[in-house]
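Fold and contact review
Here's the letter readout for the chains.
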Amino acid sequence: MRILIVEDEAKTGIYLRKGLNETGFVADWVADGVSGLHQAQTEDYDLIILDVMLPGQDGWSILHELRKTRLTPVLFLTARDDVGDRVKGLELGADDYLAKPFDFVELVARVRSILRRGQSRDSSTLKVADLELDVTRRKATRHGKTILLTAKEFALLWLLMRRQGEILPRSTIASQVWDMNFNSDTNVVDAVIRRVRAKVDDDVEPKLIHTVRGMGYVLEERARPSE
Ligand code: CA
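As a starting point, this report considers the structure included with it. Please read all numbers here as calculations on a predicted model, not as lab measurements. (Residues numbered from 1 in each chain as written. Predicted model: local features only at pLDDT ≥ 70, side-chain atom pairs only at ≥ 80, totals over all residues. Heavy atoms only, no water.)

Things to note about the overall build of the protein chain
- Of regular secondary structure, the protein chain possesses eight helices and eleven strands.
- In terms of C-alpha radius of gyration, the protein chain reaches 18 Å, essentially the compact-globule figure of 17 Å for 227 residues.
- Reported as C-alpha extents along the three principal axes, the dimensions of the protein chain are approximately 55 × 35 × 30 Å.
- Looking at the protein chain as a whole, 48% of its 227 residues qualify as buried. (Helix = DSSP H or I, 4+ residues; strand = E, 2+ residues; numbered from the N terminus. Rg over C-alpha atoms; globule rule 2.2 N^0.38 Å. Buried < 20%, exposed > 50% of the residue type's maximum accessible area, 1.4 Å probe, protein only.)

Written out as structure tokens, the structure reads:
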């Protein structure tokens, strides 16, 4: 598995390259955005670890450019755990985030998780039953009919779909979509779930978004009708 690291801090870049190589990956490191984008477009990588704050060209614009032609999974490194950064990255098509400073073990866990998901992904379209999400074109359809989603609703549905079958606690949803911590009021999660569910599941069978009492939410196709 080949990984490209785009990171202008030499200390972090060298540390990541060394650590990932020792973990069994083949890792390349480039220190500026322009070379990062060029390398990402011309070489074949299984994953790109992309710093947001870069000289020359920042992580946002690199991802924006890259997504026009490539779907290489991207793990963003953000300087701080910022709600705006996360949502922006997710909307641009990032696969995951890690706020600095991070733990190397955590980084490797995220990398492995993204690579596992990526292996089953052969296009930018996620599909569960007759629900389809075109990530590149940011378009959702159910039974062939277009579903109009706000940015937050899209982010939420995308999270549920790319982790389909996995029960996601409200705290996970909150941290992935809103960057709220565990103790935050998660009613906002329930509210947006209700809106997405109305758009996705109302008047259509089978229901795909399910509440798992006391645990969270899961998107999956079930044989039996949901409660
Ligand atoms: Ca940086």
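Side note on the packing of aromatic side chains
- In total, this model carries three aromatic pairs according to the counting rule given.
- Relative to F104, the ring of Y15 lies with its centre 5.8 Å away and its plane at 70°, an arrangement referred to as edge-to-face. A residue pair is termed long-range when its members are at least 10 positions apart, and Y15 in helix α1 (residues 10-23) and F104 in helix α5 (residues 104-119) qualify at 89 residues.
- We classify Y15 as partly exposed; its relative accessible area is 47%.
- F104 sits in the buried class, given a relative accessible area of 16%.
- Seen from their ring centres, W60 and F76 are 5.0 Å apart, and the 65° between their planes marks the pair as edge-to-face. Taken as a pair, W60 in helix α3 (residues 59-69) and F76 in strand β4 (residues 74-78) lie far apart in primary sequence, 16 residues in all.
- Taking the relative accessible area as the measure of exposure, W60 reaches 10% and is therefore buried.
- Here the basic side chain of R2 rests over the ring of Y45, its NZ or CZ set 4.5 Å away from the ring centre.
- In this structure, R162 packs its charged tip against the face of W158, placed 4.9 Å from the ring centre. (Phe/Tyr/Trp six-rings, centres within 6.5 Å; stacked < 30°, edge-to-face > 60°. Lys NZ or Arg CZ within 6 Å of the ring centre and 35° of its normal.)

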